[in-house]
Amino acid sequence: MDLNLKNKRALITGSTLGIGRAVANSLLAEGADVIINGRSQSKVTQTIDELKTTQNNSSKISGIGADLSNHSGVNDLISFAHSEGQVDLLINNVGSFTVKDFFDIEDSDWHHIFQLNVMSAVRLSRAFLPSMLKQGWGRIIFIGSDQSSKPNPSMAHYAMTKTAIVSIARSLSELTRGTEITINSVQVAPTWTEGVSEFIEDLSKIEGKTPEAMSRSYFEEGEGNTSLIQRWAEPEEIAKVITFLCSPISSAINGSSLRADGGIIRSLF
Ligand code: NAD
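Residues numbered from 1 in each chain as written. Predicted model: local features only at pLDDT ≥ 70, side-chain atom pairs only at ≥ 80, totals over all residues. Heavy atoms only, no water.

S.K.: Requested: an account of unusual backbone geometry, with residues and values cited.
M.R.: Located in the positive-phi region is Asn4, a residue other than glycine, with phi close to 55 degrees. Looking at the element boundaries, Asn4 is found in the segment before β1 (9–12). Even without glycine at this site, Gln230 takes up a positive phi of about 50 degrees. Judged by relative accessible area, which is 38%, Gln230 ranks as partly exposed. (Helix = DSSP H or I, 4+ residues; strand = E, 2+ residues; numbered from the N terminus. Buried < 20%, exposed > 50% of the residue type's maximum accessible area, 1.4 Å probe, protein only.)

Here it is as structure tokens:
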């Protein structure tokens, strides 16, 4: 199926690894130009080179290393994207996650995770939504989590950010009334990425298990117990959902919080 994404330009935050990278790759395969981002310029350059090796079209891949946990890093990304042209698709993907007992989460941890997971998305939406409104077409997608809709005392700061972006996405969607712009959030399943691999390693040290045993017990008796798929999702599975949402054929979905969560949330709606 042609998803009609040729000649669209996408900006995907946190896209040198994991879900963001898989989204960049998937949009690229559909003929969109992509702007990627990660913390370091060298990793961005390396990722661009790697994506080019599997590319089967002439879509443009560019990118910039910019730390999105602060205003100036976000501004650098905004300036870079403006120099590339109109951003039609904004995927607010970047997000960090750590396990920490509530009593050990310092003020600085709360501030940092809010800046990165929430404010980067706010700042980028503020920068790119006006030109989408002007042209009457665009997509903004906020990457949420199964943690968006459930409590988690060992990741209270992370869960807060993932709930916040669902609310922000819904509020912003109200600004798209009568246009062909859609703004949605996606509650993503536990997905095997580099970030999760590190996360499981940290958890395994706390629990005194091997990473393999920790990964298994996550689904057998841990947070993943309610997952219907009983495994980590692959980044490419999530990327396909995001790519569909980016496409013009998803036009009836606006202001939604969708789930690509492997059924982990035990709720009807
Ligand atoms: P990851 O940790 O594997 O990838 C991290 C990417 O973000 C890299 O490109 C890295 O350079 C970039 N990044 C990290 N900090 C940055 C910063 N300060 N500035 C700029 N870039 C930065 O991440 P992932 O597992 O692919 O997760 C992507 C998104 O999906 C996150 O928002 C996460 O909360 C969400 N999510 C992930 C899972 C999961 O199980 N992997 C589940 C639910 C939701």
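S.K.: Report on the packing of aromatic side chains, specifying residues and quantitative values.
M.R.: One pass over the full model with this rule turns up seven aromatic pairs. Look at Phe102 and Phe103: their rings are 5.3 Å apart centre to centre, the planes differ by 75 degrees, and that puts the pair in the edge-to-face class. Note on Phe102: relative accessible area 43%, which makes it partly exposed. Summarising the aromatic geometry, the rings of Tyr218 and Trp232 are spaced 4.8 Å apart at their centres and angled 15 degrees between planes, so their arrangement reads as stacked. One end of the pair, Tyr218, is in helix α7 (residues 211–220); the other, Trp232, is in the loop between α7 and α8 (235–246), and 14 residues separate them in sequence. Exposure class is identical for Tyr218 and Trp232. Each is buried. Taken together through their ring pairs, the aromatic side chains of Trp192, Tyr218, Phe219 and Trp232 make up a single cluster. Over the ring of Trp137 we find Lys8, and its NZ or CZ is 4.0 Å from the ring centre. (Phe/Tyr/Trp six-rings, centres within 6.5 Å; stacked < 30°, edge-to-face > 60°. Lys NZ or Arg CZ within 6 Å of the ring centre and 35° of its normal.)

S.K.: Account for the domain arrangement of the protein, naming residues and giving values.
M.R.: The domains assigned to the protein are domain 1 (9–190 + 234–260) and domain 2 (192–232). On a C-alpha basis, the centroid separation for the pair domain 1 and domain 2 is 24 Å. Domain 1 puts 13 residues into the contact, and the matching count from domain 2 is 11 residues. Summed over both sides, the interface of domain 1 with domain 2 buries roughly 1,100 Å², with 61% coming from carbon and sulfur. On the domain 1 side of the contact with domain 2, Phe97, Val99 and Pro190 bury the most area, a combined 46% of that side's loss. (Domains from an automatic or database assignment. Contact = heavy atoms within 4.5 Å. Buried area = accessible area lost by both parts, 1.4 Å probe.)

S.K.: Before we move on, could you go through the pairing of strand β6 (residues 180–188) and cite the residues and values that matter?
M.R.: The two faces of the sheet receive side chains in turn, since in a regular strand these alternate between them. With eight of nine residues buried, β6 lies mostly within the body of the structure. Pairing of strand β5 (residues 137–145) with β6, which is carried by nine bridges, proceeds in the parallel orientation. Along β6, the bridge assignment pairs Ile143 with Val186. When β6 meets strand β7 (residues 257–260), the two strands line up parallel, connected through four bridges. Bridging from a neighbouring strand, Val186 pairs with Leu258 of β7. (Pairing = 2+ DSSP bridges.)

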